[in-house]
Amino acid sequence: MPGKVWVLAEVWRGEVTEITYEALALGRDLAGQMGVPLEAVLLGRDGKTLAASLGAASRVLVADHPALADAAPEPYAEALAQLARRECPAAILTPLTNVSLGIGTLAAAKLGAPAINFCQDVRFEDRRIVAHCLLYGGKIEADVAAAGEPAVLGIWPGARPAEAGRSEQPPAVVEELAVDLPAAAPVRLREVIEPEAGEVDVTQQEALVAVGRGIGSQDNIAVATELADLLGGAVCGSRPVIDQGWLALSRQVGKSGATVKPKLYIAAGVSGAPEHVEGMRGAGTIVAINTDPHAPIFGVAHLGIVGDAAEVLAAMAEAIRGRHGKAAA
Ligand SMILES: Cc1cc2nc3c(=O)[nH]c(=O)nc-3n(C[C@H](O)[C@H](O)[C@H](O)COP(=O)(O)OP(=O)(O)OC[C@H]3O[C@@H](n4cnc5c(N)ncnc54)[C@H](O)[C@@H]3O)c2cc1C
């Protein structure tokens, strides 16, 4: 009989992050297939208060310790490994974000357990835990079966909608467990470097207008900005646009930029390279504008327009302005 499925909850600046709920939704699917309970693990300060939002899990294990005050992989991995030795989960889902990266792999090394990273999906098949992994910016997709337990799985953002992992109900059981950690960790968080003042956080926008090399010139970004303003969102870009200095680095979407999940993502003059798609594939509705009908971006877009990026963006802005005008009249 397999054990339970665990989700390592991620906390940043005192709040449970979106990916935690995404991982809970994925964990619930996996636990359902295995016929085992879904549980969450909350490490760090104020765990008991934060546990209330993790009702998708039937039980939340909370471990508080001064060494867990800041997100740092070593004490978190040690605490997770100690709890796993005691509780014997069959699978541990860990968020693959800048905050949690490294915790799962380190914990797996301590447990002598298999670690599988870059998981987009996980299923139970022929009594094995099988992860569907996206590697090399999406150029390679692989199904990887865990060769032992617990399977420690690093989960990409966007594996499931966060809404699916939220619950109005608190978890049935919240249990505090002790962990034994050294006071000083070998790797410590020294500083959080904030984005430049005045810059927009593209990860928090509900609408994004993304410009790629096909926008043609820096001057044409004005029309994208206008459309983004009308939609109540922001402009972002692909790497060539950032490299040319047309937009600030904080606006880059993709492998070496931000991972975004707006309700609406308009990709204008973006080819759809895997390194870009990696950062935006979780958007609710993707609209692509490209002069090349065979551009790969059309493969991920829900709606496609073959045409000139600047012209189509201007027409969209005009249409919205027209509607606003009618509504005001
Ligand atoms: C390790 C690594 C990390 C990377 N990280 C990132 C990352 O974080 N983000 C990222 O974006 N890229 C990243 N890249 C780069 C990535 O591989 C692509 O080179 C990049 O995404 C391409 O940007 P683009 O689509 O704007 O440009 P291009 O690939 O040059 O595409 C331009 C598109 O515009 C279309 N077009 C041309 N003229 C028009 C027009 N008038 N109107 C409409 N469409 C037009 C063309 O048909 C084409 O499809 C990374 C690469 C590596 C190796």
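S.K.: Even after reading the chapter, I still don't get the packing of aromatic side chains, so can you show me in this structure?
M.R.: Think of a pair of aromatic rings as described by two things: how far the centres are apart, and how the planes are tilted against each other in angle. All chains considered together, the criterion is met by one aromatic pair. Relative to W156, the ring of F118 has its centre 5.5 Å away and its plane inclined at 35°; by these criteria the two rings are tilted. Here the residue F118 occupies a position in strand β7 (residues 115-125), and W156 occupies one in the loop between β10 (151-155) and β11 (173-176), the gap between them amounting to 38 residues. Against the face of Y21 rests R166, its NZ or CZ located 4.4 Å from the ring centre.

S.K.: Hey, could you run me through the sheet that holds strand β15 (residues 285-290) in this one?
M.R.: Pairing between the strands of a sheet is mediated by backbone hydrogen bonds and can be parallel or antiparallel. With respect to topology, five strands assemble into an open sheet ordered β13-β12-β14-β15-β16, the strand pairing being parallel. Of all the strands in the sheet, the pair left with one neighbour each is β13 (234-237) and β16 (303-306). Taken over all neighbouring pairs, the strand axes of this sheet differ in orientation by 20° on average, direction set aside. Bridge count for β15 against β16 is four bridges, and the pairing is parallel. Bridging from a neighbouring strand, N290 pairs with V306 of β16.

S.K.: I tried to follow the pattern of salt bridges on my own but got confused; where do I start?
M.R.: Opposite charge on two side chains makes pairing possible when the charged atoms of those side chains draw close. Counted by the stated rule, this structure contains 20 salt bridges. Two residues, E226 and R321, come together in a salt bridge whose shortest N-O distance is 2.0 Å. With E226 in helix α5 (residues 221-230) and R321 in helix α9 (residues 309-328), this pair connects stretches of sequence that are 95 residues apart. Because the salt bridges share partners, they merge into one network encompassing K4, E39, R59, E87 and E175.

S.K.: Explanation requested: the site of the ligand in the structure shown.
M.R.: Every one of the 24 residues lining the ligand counts as a neighbour, but R213, S238, S256, S271 and D308 are closest to it. Between the ligand and R239 there is a distance of 2.9 Å, counted from an oxygen atom to a backbone nitrogen or oxygen. Against a free-state accessible area of 980 Å², the protein chains account for coverage of 72% of the ligand. Elements with a contribution of two residues or more to the shell around the ligand: α6 (239-243) and α7 (274-277). Considering only residue class, the shell around the ligand consists of five nonpolar, 13 polar and six charged.

S.K.: What's the story with the environment of P37 in this structure? I'm lost.
M.R.: The residue P37 is located in the loop between α1 (18-34) and β4 (38-43) in this model. Not counting residues up to four positions away in its chain, the partners in contact with P37 are K4, V5, A31 and S58.

What counts, and at which threshold
- Residues numbered from 1 in each chain as written.
- Predicted model: local features only at pLDDT ≥ 70, side-chain atom pairs only at ≥ 80, totals over all residues.
- Heavy atoms only, no water.
- Phe/Tyr/Trp six-rings, centres within 6.5 Å; stacked < 30°, edge-to-face > 60°.
- Helix = DSSP H or I, 4+ residues; strand = E, 2+ residues; numbered from the N terminus.
- Lys NZ or Arg CZ within 6 Å of the ring centre and 35° of its normal.
- Pairing = 2+ DSSP bridges.
- Axes fitted to C-alpha atoms, helices over the stretch in contact; angles between N-to-C directions.
- Salt bridge = Lys/Arg side-chain N within 4 Å of Asp/Glu carboxyl O.
- Near = heavy atom within 4 Å.
- Polar contact = N/O pair within 3.5 Å; in protein donor to acceptor, adjacent residues only side chain to side chain.
- Areas by Shrake-Rupley, 256 points an atom, 1.4 Å probe, with all protein chains shown as cover.
- Nonpolar A, V, L, I, M, F, W, Y, C, P; charged D, E, K, R; others polar.
- Contact = heavy atoms within 4.5 Å.

Everything listed is a geometric property; what it means functionally is a separate question.
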